[in-house]
Amino acid sequence: PGLVVGLVVGSLIFTSSLLDGTIQSVSYMVTTLSDETNIKIIGFLYLFGGLVGMMNISGGIKGFSEWVGTKIKNERGLLGLIWLTLPFTFMMPMFRIMMIGPGVKSLAKKMNVSKQKVGLTMDISTESVIVLLPVATAFVGFMVSLVEGSIRDLDFGMSPYEVFLLSILFNFFAITTLVIGLIQTFWNRSERDPNVKGVQEQLEEEEHEFHRIGIKKELSMVKAQPWNLIVPVFLLLGLSLFLLWQDGKSKGAKTVFDAFSIADATFVMLLAVFITLILSFIFYIIRRQHLSELLYHFYDGGNQMMEAISLLVLIWSLTLSAEDLGFSSFISSTLGAFLPAWLTPATIFLLGSVVGYFIGSSWGTWGLFMPLGVSLAVSTGASIPLTVGAVFASGAFGALASPLGDTTITTASIMDLPFVEYAPYKLKVSVIGGVISIFFYLALAIFI
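Everything in this summary refers to the structure shown in the same document. Going along each chain's sequence as written, the residues are numbered from 1 onward. A pLDDT threshold of at least 70 governs which residues receive local features in this predicted model, and a stricter bar of 80 or more applies before side-chain atom pairs are shown or counted, although totals over entire chains, interfaces and linings include all residues. To get the side-chain values, all heavy atoms of the structure are used, and hydrogens and water are removed first.

A separate point is the packing of aromatic side chains. The relative placement of two aromatic rings is captured by the distance of their centres and the angle of their planes. The aromatic pairing rule takes the rings of Phe, Tyr and Trp, using the six-membered ring of Trp, and pairs them if the centres are within 6.5 Å, calling planes under 30 degrees apart stacked, those over 60 edge-to-face and the rest tilted. According to the stated counting rule, one finds 14 aromatic pairs in the structure shown. Ring geometry for Phe283 versus Tyr284: centroids 5.8 Å apart, planes at 50°, classification tilted. Pairing Phe349 with Tyr441 gives two aromatic rings, centres 5.5 Å apart and planes at 40°, and the pair type is tilted. One end of the pair, Phe349, is in helix 20 (residues 344–359); the other, Tyr441, is in helix 24 (residues 419–447), and 92 residues separate them in sequence. With a relative accessible area of 2%, Phe349 lands in the buried category. Secondary structure elements are defined from DSSP: runs of H or I of at least 4 residues count as helices, runs of E of at least 2 residues count as strands, and each element is numbered from the N terminus. Note on classification: 1.4 Å probe, protein chains only; a residue is buried when its accessible area is under 20% of the maximum for its type, exposed when over 50%, partly exposed between these limits.

So, in structure tokens, the structure goes:
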């Protein structure tokens, strides 16, 4: 409701008319749904949700949970498993969360581990790691292109990719939260007080007793068959890597790293999950799964992602409204060029983090603040790589901390957590990482 009110109010301010404002609100949503990248993400989420539904009714997730449950005995082992999946799922944040989320959720419930803590570990191991990788992710091409556009007219003596590589060392927020996540996983005590109810148990008690009772009972009675999860998951992973290579190769890439960097990762993930769905469907039919059950739970699984999809559509629409109202121009004109050099990186990080929190998009934050950050660095004499790192760090803060972030929404949907309650839980860690980052930006700005 808050997003709808924000969208409508923004549209009314922009048009100064009740009828035109309402029309503008719908126009923003239509524009959002017409965007090629957005519809790829929506398609990926729904199809992957459908695949999870099929894995559920076929006993794949139940079988995997029981099998892994014999190997993992405590919270530390479960959180460690999340990190161990990173080498196979690092290409794209949403892809990683959707890949590991269902299995991890089942294990967390079985082991009575806090789903919020599990979700936080998933998000930290996703956002904080992927933005630090210089190759083979969906982010690299976009990040380098932003740097290139911002330094194109400067006689800087470094290529955009070299600036990007150097800025990774200065993404203090991602580095800090990565360290916090690892400490939480491997050095934090995993015991819990049996007399204190976890947040997820309280949330489950608040759920209406009749909601999805039939499906829950049906899923509890399925026969455990781990191969019904293992085969589709490895098929999806293999197809994703192969199609990334093929797409990059078709665009002129000579090496695997180049191919992964320039490939259209969003489309490749959608294509991979589509092919996996077809082959998995055939696989389940051969294994004597009922056609009607597979179809029913495909749609049920996809529909479970509609809350996340609806939120993303509203957030994207609200972003369009903010741009039409001159949000980025306001930020630029307010800052001006009055900052001293030693304050520039820290200020850019702080402002970018605040904006990133409210728009929930790392890409949107980077797009808004990269030109501003570089121009301020030039005018104040601040270090350009340090300032570029601060811009990327601010986007990472917004993506991790914001209740409007796509990773927050997707993780909350997968783990059955209300996102407006899950986001404040993550905000505590994010604020700690943000404060530490500001200290580093102030300290380094004096010496660089």
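For the rest of this paragraph, the subject is the pattern of salt bridges. Any carboxyl oxygen of Asp or Glu that lies within 4 Å of a side-chain nitrogen of Lys or Arg is treated as forming a salt bridge with it. Under the definition given, this model contains 6 salt bridges. The residue Glu36 makes a salt bridge to Lys40 at a minimum N-O spacing of 3.3 Å. Here the residue Glu36 and the residue Lys40 both occupy positions in helix 3 (residues 36–57), the gap between them amounting to 4 residues, near one helical turn. Of the residues examined, Lys40 reaches a relative accessible area of 8% and is grouped as buried. Between Lys251 and Asp247 there is a salt bridge, and its shortest N-O distance comes to 3.3 Å. Owing to a relative accessible area of 46%, Lys251 belongs among the partly exposed residues under this scheme. Taking relative accessible area as the criterion, Asp247 reaches 17% and is therefore assigned buried. Taken together, the salt bridges that share partners define one network made up of Glu36, Lys40 and Asp264.

We now examine helix 7 (residues 93–111). Under the 1.5 Å per step criterion, the end-to-end length of helix 7 is 25 Å for 19 residues, consistent within 8% with the ideal 27 Å. Most of helix 7 sits inside the fold, with 14 of its 19 residues counted as buried. Residue count minus one, scaled by 1.5 Å, sets the expected span of a helix.

This brings us to the packing of helix 4 (residues 60–69) against helix 7. Axis geometry follows a simple rule: fit a line to the C-alpha atoms, using only the stretch in contact for helices, then measure angles between N-to-C directions, giving values from 0 to 180 degrees. Following both chains from N to C, one finds helix 4 and helix 7 inclined at 60°, their axes separated by 9 Å at the closest point. Classified by the angle their axes make, helix 4 and helix 7 are oblique. Crossing of helix 4 over helix 7 shows right-handed handedness. Note on element contacts: helix 7 touches helix 4 through Pro102, Gly103, Ser106, Leu107 and Lys110, opposite Ile61, Phe64, Ser65, Glu66, Val68 and Gly69. In this scheme, roughly parallel covers angles under 35 degrees and roughly antiparallel covers those over 145, while 65 to 115 is roughly perpendicular and the rest are oblique. Here is the rule for handedness: rotate from the far helix to the near one, and if that takes an anticlockwise turn smaller than a right angle the crossing is left-handed, while a clockwise turn gives right-handed. By the convention used here, residues are in contact when the closest approach between their heavy atoms is within 4.5 Å.

The next point concerns the packing of helix 5 (residues 75–84) against helix 11 (residues 172–186). For the pair helix 5 and helix 11, the least separation of the axes is 8 Å and the interaxial angle reads 145°. Touching Arg76, Leu79, Gly80 and Trp83 of helix 5 are Leu178, Gly181, Leu182, Gln184, Thr185 and Phe186, all from helix 11. Classification convention: Asp, Glu, Lys, Arg as charged; Ala, Val, Leu, Ile, Met, Phe, Trp, Tyr, Cys, Pro as nonpolar; all other residues, Gly among them, as polar. By residue class, the composition of the contact of helix 5 with helix 11 is 5 nonpolar, 4 polar and 1 charged.

Even without being a glycine, Ser16 presents a positive backbone phi close to 60°. Residue Ser16 is classed as exposed on the basis of its relative accessible area of 68%. Positive phi values are uncommon outside glycine, yet Asp416 reaches one of about 60°. As for its placement among the helices and strands, Asp416 is situated in the loop between helix 23 (406–414) and helix 24. Overall, Asp416 belongs to the partly exposed group, its relative accessible area being 43%.

Under the 1.5 Å per step criterion, the end-to-end length of helix 3 is 32 Å for 22 residues, consistent within 8% with the ideal 32 Å. Most of helix 3 sits out of view: 18 of its 22 residues are buried. N or O atoms within 3.5 Å of each other form a polar contact, as long as, within protein, one can give a hydrogen and the other can take it, and as long as residues adjacent in sequence are counted only when both atoms are side-chain atoms. In this structure Asp35 caps helix 3, since a side-chain oxygen of it lies 3.1 Å from the backbone nitrogen of Thr37. Looking one or two places after helix 3, you find Gly59, whose phi comes out positive at around 85°.

The next thing to look at is the layout of surface pockets. Cavity: a set of points on a 1 Å grid over the protein atoms alone where a 1.4 Å probe fits but cannot get out. Pocket: an open set with protein on both sides within 12 Å along at least five of seven lines, its lining residues, like those of a cavity, having an atom within 4 Å of a point. Grid points are joined across faces, edges and corners, and a volume is the space filled by probe spheres set on the points. By volume, the second largest pocket is sized at about 820 Å³. Asn38, Trp316, Ser361, Trp363 and Gly364 are the residues nearest the centre of the second largest pocket, which is lined by 34 residues in total. The element that contributes the greatest number of residues to the lining of the second largest pocket is helix 18 (residues 306–324), accounting for 7 residues. Grouping the constituent residues of the lining of the second largest pocket by class yields 18 nonpolar, 12 polar and 4 charged.

It is worth spelling out the environment of Lys105 at this point. On the secondary structure map, Lys105 appears in helix 7. On the accessibility criterion, Lys105 (25% relative accessible area) is partly exposed. The spatial distance from the C-alpha of Lys105 to the C-alpha of Met415 is 5.7 Å, given a sequence separation of 310 residues. Ignoring sequence-local partners within four residues, the contact set of Lys105 consists of Ile414, Met415 and Asp416.

Moving on to the environment of Thr408. Mapped onto the elements, Thr408 comes out in helix 23. When its relative accessible area of 0% is taken as the criterion, Thr408 is described as buried. Taking the C-alpha atoms as reference points, Thr408 and Ile97, 311 residues apart in sequence, are found 10.0 Å from one another. With residues up to four places along the chain from it excluded, the contact list for Thr408 reads Asp123, Ala399, Leu400, Ser402, Pro403, Tyr422, Ala423 and Lys426. Engagement of the side chain of Thr408 in a polar contact is seen with the side chain of Lys426, the distance being 2.7 Å.

Another aspect to go through is the nonpolar core. The tendency in soluble globular proteins is for nonpolar side chains to be buried as a group. By nonpolar core is meant a set of buried Ala, Val, Leu, Ile, Met, Phe, Trp, Tyr and Cys residues that side-chain atoms within 4.5 Å join together. In terms of nonpolar packing, the biggest core is built from 127 residues, with Phe44 and Val118 touching the most fellow members. When residues of this core are assigned to their parent elements, the largest contribution, 12 residues, is made by helix 3. In this structure, Val118 is in contact with Leu78, Leu79, Ile82, Val104, Ala108, Val113 and Met415, ignoring residues within four places of it in sequence.

Now for the side chain of Ser128. Take Ser128: it is sitting in helix 8 (residues 115–130). When near neighbours in sequence (up to four residues on either side) are disregarded, Ser128 contacts Asp123, Ala174, Thr177 and Leu178.

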